[in-house]
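Each chain is listed here by its residues.
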Amino acid sequence: MEKEKKAEVIDSSLKRKYKIEAKEVKVWYGDFMAIKGIDMNIKANSVTAFIGPSGCGKSTFLRLFNRMNDYIDDFRMEGKIFIDDNNINKKKVNVEKLRKEVGMVFQKPNPFPKSIFENVAYGLRIQGIKDKTFLNERVEDSLKQVALWNEVKDDLNKSALALSGGQQQRLCIARTLAVEPSIILMDEPTSALDPLSTAKIEELIFQLKEKYTIVIVTHNMQQASRISNHTAFFYMGELIEYDQTKKIFTHPEKKQTEDYITGRFG
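The following refers to the structure shown. Here the structure is a predicted model, which is why all the values come from computation and not from measurement. (Residues numbered from 1 in each chain as written. Predicted model: local features only at pLDDT ≥ 70, side-chain atom pairs only at ≥ 80, totals over all residues. Heavy atoms only, no water.)

1. Quick notes on the overall build of the protein
Point 1. When you go through the protein residue by residue, the secondary structure sums to eleven helices and ten strands.
Point 2. Projecting the C-alpha coordinates of the protein onto the three principal axes gives extents of approximately 60 × 55 × 35 Å.
Point 3. A burial count over the protein gives 48% of its 266 residues as buried.
Point 4. A sequence separation of at least 24 residues applies to 67% of the contacts in the protein between residues at least 6 apart.
Point 5. Entry remark: accessible area of the protein is about 14,200 Å², with carbon and sulfur atoms responsible for 49%.
Point 6. The averaged location of the 37 negative side-chain charges in the protein is 2 Å from the averaged location of its 42 positive side-chain charges. (Helix = DSSP H or I, 4+ residues; strand = E, 2+ residues; numbered from the N terminus. Buried < 20%, exposed > 50% of the residue type's maximum accessible area, 1.4 Å probe, protein only. Contact = heavy atoms within 4.5 Å. Areas by Shrake-Rupley, 256 points an atom, 1.4 Å probe, with all protein chains shown as cover. Lys, Arg positive; Asp, Glu negative; His and termini not counted. Charge placed at Lys NZ, Arg CZ, Asp CG, Glu CD.)

Next comes the structure, spelled out in structure tokens:
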């Protein structure tokens, strides 16, 4: 009987419904309340887009998932955030381990002033990995995942800073993938790129969701509608509406959402 009960516990954990769960999350910077009590559940292997006008709290909320806001003076948070059922704000949480699990891609490409190879291998080296065969395989695999391998394979010792902006952003994504996260956060990853590079990144995001859970902040309505499964509309620190992307863009429930996506404000 006890064995059956244990099996049930294991089975229920395997059937976890959400990768990320936020419960009654509030954020302050000093006296300013940036996030006003948000609940949100994000499914694994999906793309979730955060939209809303500048200063509405979407980037602040995104950065809670890997505790990047911890570095900001006067930052204070209430509520709970769970990743794989683990409360990531408990004191005993290893933040470095969390950031390995939850990768981050920033608005502007930020390659290190190192070679292409060393950029991708960086996270592995700081983990103490020295096996050359393993490093070579992981670098190649990561560059292939971002469709950059064929463009750089003959010149991996070239400085990453010599790559184009779009290539640099794909390299930064490869650097994130090399340490094998399960979640990738993207804060306006294409806003500094030309349309062709943007299209390549969007195609890449669409492919990556088969292996990763992706959360992206974007000001581009068309981008959100093209690449995401779910869309969350933020306004003045509140989550106004969160649903399947198709519903948000065709039949939003809230007038505020409709006004924003049709360009009437924001």
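2. Describing the sheet that holds strand E6 (residues 102–105)
Point 1. With mixed pairing, the six strands of this open sheet are ordered in space as E6-E7-E8-E3-E9-E10. Each of the sheet's edge strands pairs with one partner strand only, and the pair in question is E6 and strand E10 (238–244). Each strand axis lies, on average, 15 degrees off the axis of its neighbour in the sheet, ignoring direction.
Point 2. Packed onto the sheet, helix H7 (residues 165–178) meets E6 and strand E7 (183–187) and runs at close to 170 degrees relative to E6.
Point 3. The sheet contacts of helix H8 (residues 195–208) involve strand E3 (47–51), E7 and strand E8 (213–217), and relative to E8 the element is tilted by about 145 degrees. (Pairing = 2+ DSSP bridges. Axes fitted to C-alpha atoms, helices over the stretch in contact; angles between N-to-C directions.)

3. Brief notes about the environment of lysine 26
Point 1. In this fold, lysine 26 is placed in strand E1 (residues 20–29).
Point 2. In sequence terms lysine 26 and glycine 37 are eleven residues apart; their C-alpha atoms lie 4.8 Å from each other.
Point 3. Setting aside its immediate chain neighbours within four residues, lysine 26 contacts Met33, Ile35, Lys36, Gly37, Arg76, Met77 and Glu78.

4. Observations concerning the nonpolar core
Point 1. Within the largest apolar cluster, 42 residues are counted, with the highest numbers of intra-cluster contacts made by Leu143 and Ile173.
Point 2. When residues no more than four places from it in sequence are discounted, the contact partners of isoleucine 173 are Val105, Val146, Met186, Ile201, Leu204 and Leu208.
Point 3. Core analysis: the second largest hydrophobic core is formed by 29 residues, Ala22, Ile38, Ile42 and Ile183 among them. (Core = buried A, V, L, I, M, F, W, Y, C linked by side-chain atoms within 4.5 Å.)

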